[in-house]
Each structure stands twice: as C-alpha cells, then as structure tokens.
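Structural overview
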Amino acid sequence: MGCVSTTIYVGGSQVLSIIPTALAERDFAGKIVREELQVPTMQDKIWKMLDNSDAFIALPGGIGTLEQIFQIVF
C-alpha cells in the first residue's frame, strides 16, 4: 500500500489513510506519504472510506481484506 499511495501522491492526487487508532498507536501503517484520519473502530473505518472515496483498490490480503470488500460492495 505504501508504494501505491506514494505513487499516487507524487502524481498529484490526494491520498487519505483511514486507520483505527489502535493500529495507528502501534505505528502499524508505517511512514507513508498521506493525510491520516484516525477512527475508533474498523466499522468506523468502513463508513469513513465510503464517505471519502471515489474508488477503491483491493490489494491481495487475507480474510480482513475480503470482509472489507464485501462491506463496501454490499
């Protein structure tokens, strides 16, 4: 995700990282070029993503990735 967000940012587009506070406190996201919005829960993350996005890109992941895709699509 870091490579994608950096490339998009360098290309002149806006990048917004929406991350639960628990993960942000552990620096789980790393140092990615972006604006960061912290939310209390994963469910809040989904709602903020829907409110702030024009499109979604799903990168290979695990069960959590599939869960988020299904919540966004349905």
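Quick summary incoming for the structure in this document. This is a predicted model, so every value here is computed, not measured.

Per the secondary structure count, the protein chain includes four helices and two strands. For the protein chain, the α and β elements follow one another from N to C terminus as α-β-α-β-α-α. Across the 74 residues that make up the protein chain, the buried fraction comes to 16%. In the protein chain, of all internal contacts separated by at least 6 residues, the share reaching a separation of at least 24 is 29%. Of the roughly 5600 Å² that the protein chain leaves accessible, carbon and sulfur atoms contribute 59%.

With respect to the element layout, lysine 45 can be found in helix α3 (residues 42-52). Buried and unpaired, lysine 45 has no salt bridge, with glutamate 67 as the nearest side chain of opposite charge at 9.9 Å.

Tracing the sequence through the fold places leucine 16 in strand β1 (residues 16-20). Between the C-alpha atoms of leucine 16 and methionine 49, which are 33 residues apart in sequence, the distance is 9.1 Å.

This next bit is on a nonpolar patch on the surface. Together, Ile63, Leu66, Ile69, Phe70, Val73 and Phe74 make up a nonpolar patch on the protein surface, roughly 680 Å² of accessible area in all. By secondary structure assignment, the location of valine 73 is in helix α4 (residues 63-73).

Structurally, lysine 48 is set in helix α3. For lysine 48, a relative accessible area of 34% corresponds to the partly exposed category. Residues lysine 48 and leucine 37, spaced 11 residues apart in sequence, show a C-alpha to C-alpha distance of 9.0 Å. Residues within four places of lysine 48 in sequence aside, it is in contact with Ile18, Leu37 and Val39.

Scoring rules and cut-offs
Residues numbered from 1 in each chain as written. Predicted model: local features only at pLDDT ≥ 70, side-chain atom pairs only at ≥ 80, totals over all residues. Heavy atoms only, no water. Helix = DSSP H or I, 4+ residues; strand = E, 2+ residues; numbered from the N terminus. Buried < 20%, exposed > 50% of the residue type's maximum accessible area, 1.4 Å probe, protein only. Contact = heavy atoms within 4.5 Å. Areas by Shrake-Rupley, 256 points an atom, 1.4 Å probe, with all protein chains shown as cover. Lys, Arg positive; Asp, Glu negative; His and termini not counted. Salt bridge = Lys/Arg side-chain N within 4 Å of Asp/Glu carboxyl O. Patch = residues over 30% accessible without salt bridge, like charges linked within 9 Å, V, L, I, M, F, W, Y side chains within 5 Å.

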